[in-house]
Amino acid sequence: MSDHSPIVAPEPRRNADGTTTVTTSDSGTIRVACPPWCAVQHGYRHPPAKAEITHRSEPVWALADTPEHGPTSLAEAGFVQWPYSDRPQVFLEVATDDGQLELGPTGAHRIAAALRTHADHIDAAANQLEAMRAGEGL
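What counts, and at which threshold
- Residues numbered from 1 in each chain as written.
- Predicted model: local features only at pLDDT ≥ 70, side-chain atom pairs only at ≥ 80, totals over all residues.
- Heavy atoms only, no water.
- Phe/Tyr/Trp six-rings, centres within 6.5 Å; stacked < 30°, edge-to-face > 60°.
- Helix = DSSP H or I, 4+ residues; strand = E, 2+ residues; numbered from the N terminus.
- Buried < 20%, exposed > 50% of the residue type's maximum accessible area, 1.4 Å probe, protein only.
- Pairing = 2+ DSSP bridges.
- Salt bridge = Lys/Arg side-chain N within 4 Å of Asp/Glu carboxyl O.
- Contact = heavy atoms within 4.5 Å.
- pLDDT = per-residue confidence, 0-100.

K.L.:
Is there a simple way to think about the packing of aromatic side chains in this case?
P.N.:
Aromatic ring pairs are defined here through the distance separating the ring centres and the angle between the ring planes. For the structure shown, the criterion picks out 1 aromatic pair. Here the aromatic rings of Trp37 and Phe79 are separated by 5.6 Å at their centres, their planes lie at 55 degrees, and the arrangement is tilted. Taken together, the residues span a long stretch of sequence, with Trp37 in the loop between β3 (28–32) and β4 (55–56) and Phe79 in strand β6 (residues 70–81) at a distance of 42 residues. The partly exposed category is assigned to Trp37, whose relative accessible area is 24%.

Written as structure tokens, this is what we have:
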């Protein structure tokens, strides 16, 4: 009878120097130094390839508290990095209808500009809504 149990990665080990020891599928055991913003514990279900090791910040959400629905989250953004990949730079990961996008500074500024433009549109529509409701019943 063969053993078909999944390969489970060993728990990462925190080291006295602040690094984390991670077992990889292709490079054996390595020590990972996290940037100050990294919130990942580096525990993986299966041993990752070295290039798959990921740093992530805590996500920051745009939140709104509406009288109709209470608190709601609108958009998520946070830092992400694959330090051992062929793209080792830090990106801003933003949740969109197209999925999670990894953006550099220019792309992040363009997303922010589009959100400001959309916020202006929503404010204008809210003003129209107030005017429509003020005229209700007339």
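K.L.:
Teacher, can you tell me more about unusual backbone geometry here?
P.N.:
If a residue is not glycine, its phi is most likely negative; likewise, a peptide bond is most likely trans. One non-glycine residue, His42, adopts positive backbone phi at about 65 degrees. Assignment of secondary structure puts His42 in the loop between β3 and β4.

K.L.:
Would you take a moment to explain the pairing of strand β2 (residues 20–24) for this structure?
P.N.:
Within β2, 4 of the 5 residues are buried, which leaves the element mostly enclosed by the surrounding structure. Examined bridge by bridge, strand β1 (residues 13–14) and β2 share 2 bridges and lie antiparallel to one another. From the neighbouring strand, Arg14 faces β2, where its bridge partner is Thr20. In textbook terms, the turn of a hairpin is the stretch between consecutive antiparallel strands, and for β1 and β2 this stretch comprises 5 residues, one of which, Gly18, has a positive phi near 90 degrees.

K.L.:
Can you help me understand the pattern of salt bridges in this one?
P.N.:
When the charged atoms of two side chains lie near each other, side chains of opposite charge can form a pair. The full count for this structure, using the stated rule, is 3 salt bridges. Here Glu102 makes a salt bridge to Arg87, at a shortest N to O gap of 3.7 Å. In this pair, Glu102 is assigned in strand β8 (residues 99–103) and Arg87 in the loop between β6 and β7 (91–96), connecting sequence segments 15 residues apart. Judged by its relative accessible area of 30%, Glu102 is partly exposed.

K.L.:
Would you mind showing me how to read the environment of Gly78 here?
P.N.:
Mapped onto the elements, Gly78 comes out in strand β6. Each C-alpha atom, one on Gly78 and one on Trp37, is 9.6 Å from the other, the two residues being 41 residues apart in sequence. Not counting residues within four places of it along the chain, the set of residues in contact with Gly78 comprises Ser57, Phe91, Leu92 and Glu93.

K.L.:
Teacher, can you tell me more about the confidence of the model for the protein chain here?
P.N.:
In regions of low pLDDT, the predicted coordinates are not meant to be interpreted in detail. Summarising the model, the protein chain shows a mean pLDDT of 92, and 93% of its residues fall at 70 or more. Highest mean pLDDT in the protein chain belongs to β4 (97); lowest belongs to β1 (89).

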